[in-house]
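Reading the structure
Each chain, letter by letter, is given below.
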Amino acid sequence: MIINAEKIGTAIVARIQGELDMANADQLRASIDEKLDQYETIRDVYLICDAVPFIDSSGLAVLLGRYRKLEERGGKLFIANPSPQARRVMELSGLSKLVGICDNWNPADLQQRGVTNG
Amino acid sequence: MAESNYIKVEFPSLPENVGFSRALVSAFASQLDFTLPELDEIRTATSEAVSNAIIHGYENAQGVVTLEADIKGGVLTVKIIDQGKGIEDIAAAKAVQYTTRPGRYGLGFTFMEAFMDSLHVESSLGEGTSVTMTKHPETVRPETGTA
Ligand SMILES: Nc1ncnc2c1ncn2[C@@H]1O[C@H](COP(=O)(O)OP(=O)(O)OP(=O)(O)O)[C@@H](O)[C@H]1O
Ligand SMILES: [Mg+2]
């Protein structure tokens, strides 16, 4: 799994590539939590999922865990451009009611959401 | 298309093999006329069953997972077998959001049940578990006739 996570203002924007299951769930968890631990100012996390064709329950558990961490900080987890499969399992698990799902995401959306560099 | 077909594969209980197993079953299942969303369902159910064998059956230690799949009469059957620790209470294990491992969701069996036509679990403590699932394509194209 390839994860490019960067801090942009009070958000982490992480572009991930690969199928998310028990083989790489820990890697995703660690790369987000590392940034959350490093910067207490971070509120929101955007996971850009164009290149994530598949997520199973091991992956959903990581998403739920990050959602809860962010909720404690008064922030939110966003999933951008989930695949049809990812959307389906997020809906069945109830996770889609907790996280923000962004369709037709493009990087310019960040600025519209008030996430700016600095 | 052949009347019946089957595959049987054994692999060590490594996390890397979860992705391999769902890709394998999906490729095999493609011999029937499953739609892409149906193949996603088959992939997800397979991923859950194999993950369970590795995580719960073998508790992330070394073991062998057996994957069998067959196609008979237009129906796909997938069977995942481990010789791990076994399930004490199968009915409880199948309940939504039931898990014996903190940090997990408890969704595996829920997905298997929702995504496949049937789910059958056999297990005995200390001996292992086998999970058998079947599915047929919803849009069945009759082999004869014009419908
Ligand atoms: N192959 C197996 N061997 C032993 N126990 C199992 C096996 N499969 C499932 N179980 C038991 O059944 C429970 C429920 O399984 P299920 O897949 O629904 O949830 P989970 O694996 O705990 O969480 P998730 O699938 O969401 O990661 C498990 O917590 C475990 O106790
Ligand atoms: Mg499971």
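Quick notes on the rules
Residues numbered from 1 in each chain as written. Chains lettered and ligands numbered in written order. Predicted model: local features only at pLDDT ≥ 70, side-chain atom pairs only at ≥ 80, totals over all residues. Heavy atoms only, no water. Core = buried A, V, L, I, M, F, W, Y, C linked by side-chain atoms within 4.5 Å. Buried < 20%, exposed > 50% of the residue type's maximum accessible area, 1.4 Å probe, protein only. Helix = DSSP H or I, 4+ residues; strand = E, 2+ residues; numbered from the N terminus. Contact = heavy atoms within 4.5 Å. Axes fitted to C-alpha atoms, helices over the stretch in contact; angles between N-to-C directions. Left-handed = near helix turned anticlockwise from the far one by under 90°. Pairing = 2+ DSSP bridges. Buried area = accessible area lost by both parts, 1.4 Å probe. Salt bridge = Lys/Arg side-chain N within 4 Å of Asp/Glu carboxyl O. Polar contact = N/O pair within 3.5 Å; in protein donor to acceptor, adjacent residues only side chain to side chain. Near = heavy atom within 4 Å. Areas by Shrake-Rupley, 256 points an atom, 1.4 Å probe, with all protein chains shown as cover. 1 Å grid on protein atoms, 1.4 Å probe; cavity = no way out; pocket = protein on both sides within 12 Å on 5 of 7 lines; lining within 4 Å. Sits in = over half its atoms within 2 Å of the grid points. Nonpolar A, V, L, I, M, F, W, Y, C, P; charged D, E, K, R; others polar.

1. Focus on the nonpolar core
One finds B:I42, B:L76, B:I80, B:M112, B:V131 and B:M133 to be the most contacted residues of the largest nonpolar core, which totals 33 residues. Within the residue set of this core, elements represented by two or more residues are β1 (4–12), α1 (16–29), α2 (36–57), β2 (64–72), β3 (75–82), α4 (108–115), β4 (118–124) and β5 (128–135) of chain B. The leading source of residues in this core is α2(B), at eight residues. If we skip the residues at most four places from it in the chain, B:M112 touches B:A45, B:E48, B:A49, B:N52, B:L119, B:V131 and B:M133. In this structure, A:L63, A:L77, A:A86 and B:F115 belong to the second largest nonpolar core, which totals 32 residues.

2. Describing the packing of α2(B) against α4(B)
Residues and elements named next belong to chain B. Between α2 and α4, the shortest axis-to-axis distance is 9 Å and the interhelical angle comes to 145 degrees. The interaxial crossing formed by α2 with α4 has left-handed handedness. Residue-level inspection shows E41, T44, A45, E48, A49 and N52 of α2 in contact with α4, the latter providing G108, F109, F111, M112 and F115.

3. Digging into the sheet that holds β5(B)
Pairing between sheet strands relies on hydrogen bonds along the backbone, with the strands arranged either parallel or antiparallel. Residue and element names in this part refer to chain B. The strand order across the open sheet built from five strands is β1-β2-β3-β5-β4, with neighbouring strands paired in antiparallel fashion. A single partner strand is all that each edge strand has here, and the edge strands are β1 and β4. Neighbour-to-neighbour, the strand axes of the sheet open up by a mean angle of 10 degrees, direction not taken into account. In terms of strand pairing, β4 meets β5 through seven bridges, oriented antiparallel. The residue of β5 that forms the bridge with S124 is G128. Its contacts with the sheet put α1 on β1, β2 and β3, and the angle it makes with β1 is roughly 175 degrees.

4. Regarding unusual backbone geometry
A positive phi angle, near 50 degrees, is found at A:N81, a position not held by glycine. Along the chain, A:N81 falls in the loop between β4 (77–80) and α3 (84–93). For A:N81, a relative accessible area of 15% puts it in the buried group. Positive phi outside glycine occurs at B:Q97, with the angle close to 60 degrees. Tracing the sequence through the fold places B:Q97 in the loop between α3 (90–94) and α4.

5. Some words on the interface of chain B and chain A
How large an interface is tends to be reported as the accessible area lost when its parts come together. Between chain B and chain A, the contact holds 23 residues from the first and 17 residues from the second. Summed over both sides, the interface between chain B and chain A buries roughly 1700 Å², with carbon and sulfur atoms accounting for 60% of that surface. Considering only the side of chain B, the residues that lose the most area to chain A are B:R22, B:Y105 and B:F111, jointly responsible for 34% of the buried surface there. Connecting chain B to chain A are three salt bridges. Across the salt bridge formed by A:R88 and B:E41, the nearest N and O atoms sit 2.6 Å from each other. Connecting chain B to chain A are seven residue pairs in polar contact (both at pLDDT 80 or more). Per element, the largest residue contribution to the side of chain B that touches chain A is nine residues, and it comes from α2(B).

6. A few points about the site of ligand 1
Around ligand 1 lies a shell of 20 residues, among which B:H56, B:T99, B:T100, B:R104 and B:L107 are the nearest. Neighbouring residues of ligand 1 are not confined to a single chain but are spread across chains A and B. For ligand 1, an oxygen atom lies 2.8 Å from a polar atom in the side chain of B:N52. Interatomic distance of 2.9 Å between a backbone N/O atom of B:F109 and an oxygen atom of ligand 1. Against a free-state accessible area of 600 Å², the protein chains account for coverage of 96% of ligand 1. Placement of ligand 1 is best described as lying within the largest pocket. If you list the elements that add at least two residues to the shell around ligand 1, you get α2 and α4 of chain B. Here the shell around ligand 1 is composed, by residue class, of seven nonpolar, 10 polar and three charged.

7. As for the sheet that holds strand β5 (residues 100–102) of chain A
Residue and element names in this part refer to chain A. The mixed open sheet is built from five strands, whose spatial order is β1-β2-β3-β4-β5. In this open sheet, the two edge strands, each paired with only one partner strand, are β1 (2–8) and β5. Strand-to-strand, the axes of this sheet are offset by a mean angle of 20 degrees, without reference to chain direction. Strands in contact with helix α2 (residues 57–72) are β3 (44–51) and β4; relative to β4, the strand with the most contacts, it is inclined by about 140 degrees.

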